[in-house]
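# Architecture at a glance
Single-letter residue listing:
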Amino acid sequence: DTAVSQTPKYLVTQMGNDKSIKCEQNLGHDTMYWYKQDSKKFLKIMFSYNNKELIINETVPNRFSPKSPDKAHLNLHINSLELGDSAVYFCASSLQVAEKLFFGSGTQLSVL
Amino acid sequence: GENVEQHPSTLSVQEGDSAVIKCTYSDSASNYFPWYKQELGKRPQLIIDIRSNVGEKKDQRIAVTLNKTAKHFSLHITETQPEDSAVYFCAPKKGDSNYQLIWGAGTKLIIKP
């Protein structure tokens, strides 16, 4: 059983398009996250939800919008995709905030 | 703002030797100190963590030591094996809000056969 699953694994799209990445966890965790990892491997927090409440909203373009319909799901919608959005996006979850994170397998986003 | 530095950025060791990666942080209120391992093309995974009331923690071949006074903690891997090759990240937890980890830039560990 996959603990944190995200789809799709690969996403290739044209500039200007709108796309979504979905994330689900079956660990019963209260906190979920979206991270962006660039080509230099820097891990950057984008958003975090605790019990469906947004607790971290880092300085990301407002083209990025997270949505948490329930504690087990955190989706990421991106409008008007740009070349610089190309990266690997990781979803993660944890029982306690910012401790013992479990990561999904990542979504490789390529914007052409 | 808070600052986290990892050294070295790349470390190459002979299989069977030990490896040590150091993480220096600036937030004196940090109280939780994890290390994550990311193999090529895979997800980051927690390998060991320590709290500020403990100086050292060991789990088989890996250990973490903490020096709160000097504000650094280190990852120690003994008897290195090819599967230890990966990028290792430290990510001390911010002390004020308790909501965030401050990630280091990563250390690439290469195990030479």
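We now turn to the structure provided with this report. No experiment lies behind these values; they were computed from the predicted model shown.

Here is what the cut-offs are and how they apply
Residues numbered from 1 in each chain as written. Chains lettered and ligands numbered in written order. Predicted model: local features only at pLDDT ≥ 70, side-chain atom pairs only at ≥ 80, totals over all residues. Heavy atoms only, no water. Helix = DSSP H or I, 4+ residues; strand = E, 2+ residues; numbered from the N terminus. Rg over C-alpha atoms; globule rule 2.2 N^0.38 Å. Buried < 20%, exposed > 50% of the residue type's maximum accessible area, 1.4 Å probe, protein only. Contact = heavy atoms within 4.5 Å. Lys, Arg positive; Asp, Glu negative; His and termini not counted. Charge placed at Lys NZ, Arg CZ, Asp CG, Glu CD. Phe/Tyr/Trp six-rings, centres within 6.5 Å; stacked < 30°, edge-to-face > 60°. Buried area = accessible area lost by both parts, 1.4 Å probe. Salt bridge = Lys/Arg side-chain N within 4 Å of Asp/Glu carboxyl O. Polar contact = N/O pair within 3.5 Å; in protein donor to acceptor, adjacent residues only side chain to side chain. Nonpolar A, V, L, I, M, F, W, Y, C, P; charged D, E, K, R; others polar. Disulfide = S-S within 2.5 Å. 1 Å grid on protein atoms, 1.4 Å probe; cavity = no way out; pocket = protein on both sides within 12 Å on 5 of 7 lines; lining within 4 Å. Points joined across faces, edges and corners; volume = space filled by probe spheres on them.

The next point concerns the overall build of chain A. The helix and strand tally for chain A stands at zero helices and eleven strands. The order of helices and strands in chain A, counted from the N terminus, is β-β-β-β-β-β-β-β-β-β-β. Computed over its C-alpha atoms, the radius of gyration of chain A comes to 13 Å, within 12% of the 13 Å expected for a compact globule of 112 residues. Seen through its principal axes, chain A has C-alpha atoms that stretch 35 × 30 × 25 Å. For chain A, buried positions account for 45% of its 112 residues. In chain A, 54% of the contacts between residues at least 6 apart in sequence involve partners at least 24 apart. Measuring between centres, the 12 positive side-chain charges of chain A sit 5 Å from its 11 negative side-chain charges.

A separate point is the packing of aromatic side chains. By the definition in use, this model includes 13 aromatic pairs over all chains. A centroid spacing of 6.1 Å and a plane angle of 80° characterise the contact between Phe103 of chain A and Trp103 of chain B, whose relative ring orientation is edge-to-face. Of the two residues, Phe103 of chain A sits in strand 10 (residues 102–103) while Trp103 of chain B sits in the loop between strand 9 (86–90) and strand 10 (107–112), which places them in two different chains. When sorted by exposure, Phe103 of chain A lands in the same class as Trp103 of chain B, which is buried. When the centroid spacing of 5.1 Å and the interplanar angle of 40° are considered together, the rings of Tyr25 of chain B and Phe33 of chain B count as tilted.

A few words now on the interface of chain A and chain B. Contacts between the two partners involve 20 residues from chain A and, on the opposite side, 17 residues from chain B. Regarding the contact of chain A and chain B, the summed buried area is about 1,700 Å², with carbon and sulfur atoms giving 55% of it. The tally of links between chain A and chain B comes to three salt bridges. With a closest N to O distance of 2.4 Å, Glu99 of chain A and Arg51 of chain B form a salt bridge. Inspection of the region where chain A meets chain B yields ten residue pairs in polar contact (both at pLDDT 80 or more). Those elements that place two or more of their residues in the side of chain A that touches chain B are strand 4 (31–37), strand 5 (43–50) and strand 6 (53–57) of chain A. Grouping the amino acids of the side of chain A that touches chain B by side-chain chemistry returns twelve nonpolar, four polar and four charged.

All names here are of chain A. Counting across every chain of the model gives two disulfides over all chains. Here Cys23 pairs with Cys91 through a disulfide, and the sulfurs are 1.8 Å apart. Taking the sign of the S-S torsion, about -75° here, the bridge from Cys23 to Cys91 comes out left-handed. Of the two residues, Cys23 sits in strand 3 (residues 19–25) while Cys91 sits in strand 9 (residues 87–94), which places them 68 residues apart along the sequence. Taken as a pair, Cys23 and Cys91 share a single burial class, namely buried.

The computed volume of the largest pocket comes to approximately 500 Å³. Surrounding the largest pocket, 25 residues form its lining, Lys41 of chain A together with Gln38, Glu39, Leu40 and Gly41 of chain B being those nearest its centre. Contributing elements (two or more residues each) for the lining of the largest pocket: strand 9 and strand 11 (107–111) of chain A together with strand 9 and strand 10 of chain B. For the lining of the largest pocket, the element with the highest residue contribution is strand 10 of chain B, accounting for four residues.

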